[in-house]
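Commentary on secondary and tertiary structure
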Amino acid sequence: MTDQKTALVTGANKGIGFEIAAGLGALGYKVGVGARDDARREAAVEKLRAGGADVFGVPLDVTDDASVAAAAHLMQEQAGGLDALVNNAGITGGPEQAPTTVDPETVLAVVQTNVIGVMRVTNAMLPMLRRSASPRIVNVSSSVGSLTRQTTPGSFVGPIAVAYAPSKTFLNAVMVQYARELADTNILINAACPGFVATDLNGFRGTGTAQQGAATPIRLATLPDGGPTGQFFEDAGTIPW
Ligand code: NAP
């Protein structure tokens, strides 16, 4: 075992996840690049290595039990454990999300990835995190999951989206339950909003860059011991629930 810290980033083949992997790599972490598509994952690994990062590919579909179990096994084998888990993978469910007309299957699919997927990955990685000296879990959420902002006139809350926005509210609520259960451990678990950044997720309409979006997740993945837990952050500070 070396002193090198290790991280796993889900959905790291592109967008914000790719930049989180690059940023943690630049900080000296050995990073598992979690991604479900072999070609996209290997392309990302090559690009990150070319940038000097110590990374390896981790086949990972967050909706699949066997895939997640295999990913945990690979992390142990390739990196000797896990210090920082960044649950970044997420989907929007597409544009047709008016509550009165949405296909319920769309809502279920989004919750499966954005909420249950995060729980599946977190629980599979927890035995390794519990063995770390300074374990961190970051859930990449969104300010559109803030019910306070959704009900405050003038707040930026994106389009009406009954699958995506409530999936992030649900994710935050789940995170709070984890923080309560893990309160007596050294695990710090927090939610991060990356801001509105240009990625495939929003047809590149975001106003910031994916690299800017990676800043808060990276900060939370590298919090010092005794840092906050069970909280919801954006670049400017905490976000109201
Ligand atoms: P993106 O470019 O579309 O990337 C999403 C990533 O998630 C991709 O790598 C995708 O893999 C992966 N993914 C989706 N379903 C998966 C599954 N079942 N298993 C494994 N990986 C899966 O979007 P992004 O903007 O970077 O989004 C990253 C996170 O930031 C998401 O959680 C999103 O909700 C959040 N966020 C984004 C914004 C924004 O403005 N962009 C704002 C707030 C929050 P494939 O390439 O295989 O599809």
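Our structure is the block above this text.
Residues numbered from 1 in each chain as written. Predicted model: local features only at pLDDT ≥ 70, side-chain atom pairs only at ≥ 80, totals over all residues. Heavy atoms only, no water.

If you look at the biggest cluster of nonpolar residues, it comprises 35 residues, and the most contacted ones within it are L8, V58, M75, L82, L85, M125 and L129. For this core, the elements supplying multiple residues, two or more each, are β3 (54-59), α3 (65-79), α4 (104-130), α6 (164-181) and β6 (188-192). Top contributing element to this core by residue count: α4, with eight residues. The contact partners of L82, leaving out residues within four places of it in the chain, are T6, A7, L8, M75, M125, M128, L129 and S132. Core analysis: the next-biggest nonpolar cluster, separate from the first, contains 30 residues, A12, F18, V55 and I218 among them. (Core = buried A, V, L, I, M, F, W, Y, C linked by side-chain atoms within 4.5 Å. Buried < 20%, exposed > 50% of the residue type's maximum accessible area, 1.4 Å probe, protein only. Helix = DSSP H or I, 4+ residues; strand = E, 2+ residues; numbered from the N terminus. Contact = heavy atoms within 4.5 Å.)

Bringing helix α1 (residues 15-26) into the picture now. Taking 1.5 Å of rise per residue, the twelve residues of α1 would be expected to cover 16 Å, and the 17 Å separating its terminal C-alpha atoms lies within 8% of that figure. Looking only at α1, the buried set comprises I16, G17, F18, I20, A21, G23, L24 and G25. The first or second residue beyond α1 is G28, which carries a positive phi of 100°. (Expected span 1.5 Å × (residues − 1).)

Here we take up the site of the ligand. Close to the ligand lie 29 residues, the nearest being N13, R36, N88, Y164 and T199. One of the side-chain nitrogen or oxygen atoms of N13 is found 2.6 Å away from an oxygen atom of the ligand. One nitrogen or oxygen atom from the side chain of R36 is found 2.8 Å from an oxygen atom belonging to the ligand. Calculation on the ligand without its partners gives an accessible area of 890 Å², and the protein chains cover 95% of this total. Among the elements of the structure, α1 and α6 are those that each provide at least two residues to the shell around the ligand. (Near = heavy atom within 4 Å. Polar contact = N/O pair within 3.5 Å; in protein donor to acceptor, adjacent residues only side chain to side chain. Areas by Shrake-Rupley, 256 points an atom, 1.4 Å probe, with all protein chains shown as cover.)

A few words now on the sheet that holds β3. Spatial strand order, β3-β2-β1-β4-β5-β6-β7-β8: eight strands in an open sheet with mixed pairing. Only two strands of the sheet have a single partner each, and these edge strands are β3 and β8 (237-238). With five bridges connecting them, strand β5 (residues 136-140) and β6 associate as parallel partners. The residue of β6 that forms the bridge with V138 is N190. Along the sheet, α4 makes contact with β1 (6-9), β4 (84-87) and β5, crossing β4 at roughly 180°. Taken strand by strand, α6 contacts β5, β6 and β7 (232-234), and its axis lies near 165° from that of β6. (Pairing = 2+ DSSP bridges. Axes fitted to C-alpha atoms, helices over the stretch in contact; angles between N-to-C directions.)

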